[in-house]
Amino acid sequence: MREAGTAVGEVIAVTTISFAAQSYVLNQAPPFGSLVATHGPDGRTHFALCAGTETGGIEPGRHAMAWGGAEDGEVDIYARQPQLAHVLRTTFSCVLVGYLDAGGRMMQRVPPRPPRVHEQVWPAEEATACRFFDDLAFLRFLL
């Protein structure tokens, strides 16, 4: 089951109950609380809620700094400092809330295994999100 549209990022770290992904486009990530999906090479689909976004330097301990002045817009800064697009990244964290089982049923619980590093992250299609949110059992994981 592939979601329509374009992948928004790639998984870069996983835990039993969550994953972090790097956005393919700087300063863009799924909206907070939105349902996203990953699709593994084994055919398993995982569902997660976007729980946070961060943009910063790609090197640990190296922080972004101001490059503009009061009169500058964001476009001006990136035009004068094009390297910024290569030294900054946007990441987003996601809480796993379900998966599709082997029979294609939506299960709202922690999956048997998390997605793999480098799986793509897709925004869930509206029909998929409506079907998932018909049951609110996933809320127990968030509380």
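See the structure printed just above.
Residues numbered from 1 in each chain as written. Predicted model: local features only at pLDDT ≥ 70, side-chain atom pairs only at ≥ 80, totals over all residues. Heavy atoms only, no water.

Q: So what's going on with the environment of Val97? Residues and values would help.
A: Structurally, the position occupied by Val97 is in strand E5 (residues 88–100). Accessibility expressed as a relative area gives 0% for Val97, which makes it buried. With residues up to four places along the chain from it excluded, the contact list for Val97 reads Leu35, Phe47, Ala48, Leu49, Met107, Gln108, Arg109, Phe132, Phe138, Phe141 and Leu142. (Helix = DSSP H or I, 4+ residues; strand = E, 2+ residues; numbered from the N terminus. Buried < 20%, exposed > 50% of the residue type's maximum accessible area, 1.4 Å probe, protein only. Contact = heavy atoms within 4.5 Å.)

Q: Describe the packing of aromatic side chains, listing the residues and the values that go with them.
A: On inspection of all chains with the given rule, the structure shows 4 aromatic pairs. Measuring from ring centre to ring centre gives 5.7 Å for Phe132 and Phe133, while their planes differ by 80°; the resulting arrangement is edge-to-face. Relative accessible area serves as the criterion here: at 1%, Phe132 is assigned to the buried category. Look at Phe133 and you get partly exposed, because its relative accessible area is 31%. (Phe/Tyr/Trp six-rings, centres within 6.5 Å; stacked < 30°, edge-to-face > 60°.)

Q: For the layout of surface pockets, give the residues involved together with the corresponding values.
A: What the largest pocket holds in volume is close to 220 Å³. Gly57, Ile58, Glu59, Arg62, His63, Ala64, Met65, Trp67, Gln83, Leu84, Val87 and Leu88 are the residues that line the largest pocket. For the lining of the largest pocket, the per-class residue count stands at 7 nonpolar, 3 polar and 2 charged. The calculated volume of the second largest pocket comes to roughly 180 Å³. In this structure, the second largest pocket is lined by 13 residues; those nearest its centre are Glu54, Thr55, Gly56, Gly57 and Arg89. Elements with a minimum of two residues in the lining of the second largest pocket: strand E4 (45–57) and E5. Top element by residues in the lining of the second largest pocket is E4. It accounts for 4 residues. Residue composition of the lining of the second largest pocket, grouped by class: 3 nonpolar, 6 polar and 4 charged. (1 Å grid on protein atoms, 1.4 Å probe; cavity = no way out; pocket = protein on both sides within 12 Å on 5 of 7 lines; lining within 4 Å. Points joined across faces, edges and corners; volume = space filled by probe spheres on them. Nonpolar A, V, L, I, M, F, W, Y, C, P; charged D, E, K, R; others polar.)

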